[in-house]
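# A structural walkthrough
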Amino acid sequence: MKRRYSLRFYLAGAVAARAGDEMSGPALMLAGFALTGSTIAASSLLAGITISAAVGGPMLGALLDRAGRPGRLLAGALVLYAAGLGMVLGGLGRWPFAVTILIAVMTGLLGPALSGGWTAQLPCVVLGDHLPRANALDAMTFNVASLAGPALAGGVAGALGAPTAVVVSVVLIALALPAAWMLPARPGRVQGTQATSVISDLVSGVRVIVRRPSLARATLASTVSCIAQGMLMACIPLLGERVLGGASRGAVLLSCVAISALVANVVLARFPRSVAPDTIIWASALVQAAALALAMWGQPVVLIVAVLLVGIGEGPQLAALFAVRHREAPDHLRGQIFTTGASLKITGFALGAAVAGPVVTWSLPGALALAASVAVLAALAFFAIPCSTFAARDHAPCR
């Protein structure tokens, strides 16, 4: 099976699914505004489909770990996610808005399938010696998706209407179905996997994250970094308006972040063992902190340089996080650890955007300074978790 399922097929499916996911949020927000005329409704849809990931991720991961053919379950999650988007679009302006929001929240429970759930299957696709390079390439699919998704949402909405943008995001997710369905089966059932309950598996997954210092450090630092990234997102429209001459030009800044993150991961893919992933995680947080502080300068050229630096920090940090998870996660809990981590990052991003929103209206430099401080805190959080007796007992030394 491994011979017939190529890494290129995996990456193509990942790009399609993740581009559809990145497109779905902005497209739903635009469609919500177009069909209801309410900015509150538009933002509520975006919040609804993202915030529930914190609940859905661990459960979805536990189910993936128990499946002999996790690709089939992953494909089912993609179908339900796409169907949920279609139901939200169909219900806007026709059903009570509370019902539409509920559907968006239920759909968001499956969001981690497009991120952590997919990446957790990578060791079934490539051999161990090739995993570091494949891991960097997998992280690049997030960068490509974050660049293409919002751009497609805006472009399609402007040319064909916001509802059509939601339809296109559904089509992209559907294009990933063959790659998900055909993912290789597990080489063998892990002993004890089916003898335990799902709840027991959930507890075991959390215990592994907490008790393995390298994994706990990477999870905490990356989650706090996502809070800072969410704060930057809240600043983007005002940065575009005040520095670049128009709020809509804030999309240029997001493109710069995505492009530099992609380029950084291309370099990392060529030299996957050049720097230890643990080092990259905390160092990347400091790069992001410096970039956010630089953005306070308020000059167009300096701002562009700053967001490029943000991408240089974000891209390798994501690849390094995947590397640590692959290294530390037991095979029978890999899916849960990846989806739980994805849930925490999504929630952290949403929390950062929510906190920074009121601060931005008071002071844009103050919001950027707060974001920079949180990024520094992410690096400090990495070292706040010491090597302990748990590490020796679980055979998971700090690196």
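A brief look at the structure comes next. Keep in mind that this is a model prediction, so the values were computed, not measured.

## Observations concerning the overall build of the protein
The secondary structure content of the protein amounts to 17 helices and 0 strands. Against the 2.2 N^0.38 benchmark of 21 Å for 399 residues, the protein shows a C-alpha radius of gyration of 20 Å, consistent with a compact globule. Structurally, the protein occupies a C-alpha span of about 60 × 45 × 35 Å along its principal axes. Looking at the protein residue by residue over its 399 residues, the buried ones come to 51%. When the accessible surface of the protein is summed, it comes to about 16,600 Å², and 71% of that surface belongs to carbon and sulfur atoms. Positive and negative side-chain charges of the protein, numbering 26 and 12 respectively, have mean locations separated by a distance of 5 Å.

## Let's talk about the side chain of serine 225
Looking at where serine 225 falls in the secondary structure, it is placed in helix α11 (residues 213-243). Those residues within four positions of serine 225 in sequence are excluded, and the remaining contacts are Ala285, Gln288, Gln317 and Ala378.

## Structural notes on the packing of helix α4 (residues 70-91) against helix α8 (residues 162-175)
Two measures define how a pair of helices packs: the angle their axes make with one another and the distance between the axes. Relative orientation of the contacting elements α4 and α8 amounts to 170°, with a least axis distance of 9 Å. Put simply, α4 runs roughly antiparallel to α8. Where α4 abuts α8, its residues Leu78, Tyr81, Ala82, Leu85, Gly86 and Leu89 lie against Pro163, Val166, Val167, Ser169, Val170 and Ile173. A per-class count over the contact of α4 with α8 returns 10 nonpolar, 2 polar and no charged.

## Examining the nonpolar core
Formed by 55 residues in total, the largest nonpolar core has its most connected members in Leu7, Tyr10 and Trp118. Here the element with the most residues in this core is helix α1 (residues 7-36); it accounts for 11 residues.

## Here we look at the packing of α11 against helix α15 (residues 334-362)
In contact at an axis separation of 7 Å, α11 and α15 are set at 35° when each is read in the N-to-C sense. As α11 packs across α15, the resulting crossing turns out to be right-handed. Tallied by class, residues from the contact of α11 with α15 come to 16 nonpolar, 8 polar and 1 charged.

Conventions adopted
- Residues numbered from 1 in each chain as written.
- Predicted model: local features only at pLDDT ≥ 70, side-chain atom pairs only at ≥ 80, totals over all residues.
- Heavy atoms only, no water.
- Helix = DSSP H or I, 4+ residues; strand = E, 2+ residues; numbered from the N terminus.
- Rg over C-alpha atoms; globule rule 2.2 N^0.38 Å.
- Buried < 20%, exposed > 50% of the residue type's maximum accessible area, 1.4 Å probe, protein only.
- Areas by Shrake-Rupley, 256 points an atom, 1.4 Å probe, with all protein chains shown as cover.
- Lys, Arg positive; Asp, Glu negative; His and termini not counted.
- Charge placed at Lys NZ, Arg CZ, Asp CG, Glu CD.
- Contact = heavy atoms within 4.5 Å.
- Axes fitted to C-alpha atoms, helices over the stretch in contact; angles between N-to-C directions.
- Parallel < 35°, antiparallel > 145°, perpendicular 65-115°, else oblique.
- Nonpolar A, V, L, I, M, F, W, Y, C, P; charged D, E, K, R; others polar.
- Core = buried A, V, L, I, M, F, W, Y, C linked by side-chain atoms within 4.5 Å.
- Left-handed = near helix turned anticlockwise from the far one by under 90°.

These figures capture arrangement, not role.
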